[in-house]
Amino acid sequence: MTQRIIPNIWCDHDAEEAGAFYASVFDRTTSQVVARYPEDGLPEFQRSFAGQPLTVDVTIDGYRITLINAGAEFAPNPAISFLLSVDPRRFSDGDAARAWINRAWTRLGEDGLVLMDIGEYFFSGLYGWVEDRYGVSWQLKLMDRDAEPAPLITPMLVFGGPVRNRSQEAIALYGELLPPSGIAREVEYPVTEPPHVDEPIGYSEFLLAGQRFAAFDSPVDRDFTFTPGLSLQIDCDGQEEIDRIWNALSTVPEAEQCGWLVDRFGVSWQVVPANLGELMQRPNAYEHLMRMGRIVIADL
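Right, let's walk through the structure included here.

Reading the values: rules and limits
- Residues numbered from 1 in each chain as written.
- Predicted model: local features only at pLDDT ≥ 70, side-chain atom pairs only at ≥ 80, totals over all residues.
- Heavy atoms only, no water.
- Core = buried A, V, L, I, M, F, W, Y, C linked by side-chain atoms within 4.5 Å.
- Buried < 20%, exposed > 50% of the residue type's maximum accessible area, 1.4 Å probe, protein only.
- Helix = DSSP H or I, 4+ residues; strand = E, 2+ residues; numbered from the N terminus.
- Contact = heavy atoms within 4.5 Å.
- Axes fitted to C-alpha atoms, helices over the stretch in contact; angles between N-to-C directions.
- Parallel < 35°, antiparallel > 145°, perpendicular 65-115°, else oblique.
- Left-handed = near helix turned anticlockwise from the far one by under 90°.
- Nonpolar A, V, L, I, M, F, W, Y, C, P; charged D, E, K, R; others polar.
- Phe/Tyr/Trp six-rings, centres within 6.5 Å; stacked < 30°, edge-to-face > 60°.

**Considering the nonpolar core**
Reasoning step 1: Y22, F26, L67, W138 and W269 are the most contacted members of the largest nonpolar core, which totals 93 residues.
Reasoning step 2: Sorting elements by how many residues they give to this core places helix α2 (residues 94-108) first, with 6 residues.
Reasoning step 3: Beyond its immediate sequence surroundings of up to four residues, Y22 is in contact with T29, V58, L67, L108, D132, Y134, V136 and W138.

**Here we look at the packing of helix α3 (residues 167-177) against helix α4 (residues 239-249)**
Reasoning step 1: As a packed pair, α3 and α4 sit with axes 10 Å apart at the nearest point and diverge in direction by 165 degrees. Our classification of the angle between α3 and α4 gives roughly antiparallel. Seen along the crossing, α3 lies across α4 with a hand that is right-handed. Residues L173, Y174, E176 and L177 of α3 form the contact with α4, whose participating residues are R244, A248 and L249.
Reasoning step 2: By residue class, the composition of the contact of α3 with α4 is 5 nonpolar, no polar and 2 charged.

**Quick notes on the packing of aromatic side chains**
Reasoning step 1: Tallying each qualifying case throughout the model produces 20 aromatic pairs.
Reasoning step 2: Measuring from ring centre to ring centre gives 5.8 Å for W10 and W260, while their planes differ by 75 degrees; the resulting arrangement is edge-to-face. Residue W10 is found in strand β1 (residues 5-12), and its partner W260 is found in strand β14 (residues 260-262); the two are separated by 250 residues along the sequence.
Reasoning step 3: Judged by relative accessible area, which is 13%, W260 ranks as buried.
Reasoning step 4: Where Y174 meets W269, the ring centres are 5.0 Å apart and the plane angle is 70 degrees; that geometry is what we call edge-to-face.

**Concerning the packing of helix α1 (residues 15-25) against α2**
Reasoning step 1: Relative to each other, α1 and α2 sit at 155 degrees, their axes nearing to 10 Å. With respect to their mutual orientation, α1 and α2 come out roughly antiparallel. Judged by the twist between their axes, the crossing of α1 over α2 is right-handed. Side by side, α1 and α2 meet where F21, Y22, S24 and V25 of the first sit next to A104, R107 and L108 of the second.
Reasoning step 2: Its residues assigned to classes, the contact of α1 with α2 comprises 5 nonpolar, 1 polar and 1 charged.

Below, the structure written as C-alpha cells:
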C-alpha cells in the first residue's frame, strides 16, 4: 500500500547528518537526499542554504520519514513520537527481540534524554521512551507473542494542555478526510509515572489512509504541545483533494505557507500534490511555492 501520510521532521541545519544517524541505528534503513535548495532565487532568510540539501528521506523497514533541512525556527518534541512495536515473532527468539530493543535504545539515547526509563511495565515486558539528540521522541515496545501484528513504526499524538480530552474529536475529523479509516483499538491505562493522578490515560489506535496511528489524552500537565517541528504531509491526488482537505483542516491563517497549515488542535500538516517533486522541476517553481499558502498546482 502506498504511504500517503509522511511524517516530516524539522531539522536545524543537520538533516543529512540525522538521516545518516538513523540509518546507522536501525536495520533495513536507508537515507538519501531527495531535494536541494535552488542555487538562486531564494528569499533572504534562506540564501545561506543555496545548493544544500532541502529534504532527506529516511526509510525504516519500508516506512518513510522526511527530514527538512532548515533553521532553528521549530523543533520536534514529544507531542508526536514514533512508537516502535517490536514483534518477537520476527526474531529467532524473545532474547533476540529484546537485544534489538536494547541496542536501539542505547543508540537513540546517546546525547539524548530519557522520558520513561526502559524496563518492564504492565502493558509491555520491555518498554522505554527516549528523545534522541535531534529532539525526536521514540517509544520502544516489545509486543506480546499473541498480539495482533502491527507495523514497526506508528506515529503517536499526545493530546494535552489546551487540547486535552480532544483526541476522539481529532480522530473523527481526520478519519472523515482520509479514508480508509477507523478505530483499531481503544483502551484506558492508569498513570504509572509521577505525578500520579486518578484519571486514566485514554489511548487509541486508528487508521488514516490505511496507515496506523495512535493517540492518547494526557491527564498529566505537560510542558509541550504540537508544533511544526513534526508535521504530517498528505500526498493528494490533484487540486480538488488539496482544496477539500485544506478547507476542512486549516484554522490558523497566519500559519498558511507553501502548503503548510495548522488545524484546530495545533497539529501541523503539509497538504501537497503527490507529484510535487515533478512539479518543482518547472521554471521558478520554488519561488512560486514560497509565495503560496494553499498550493495551487496550475500556478507552480
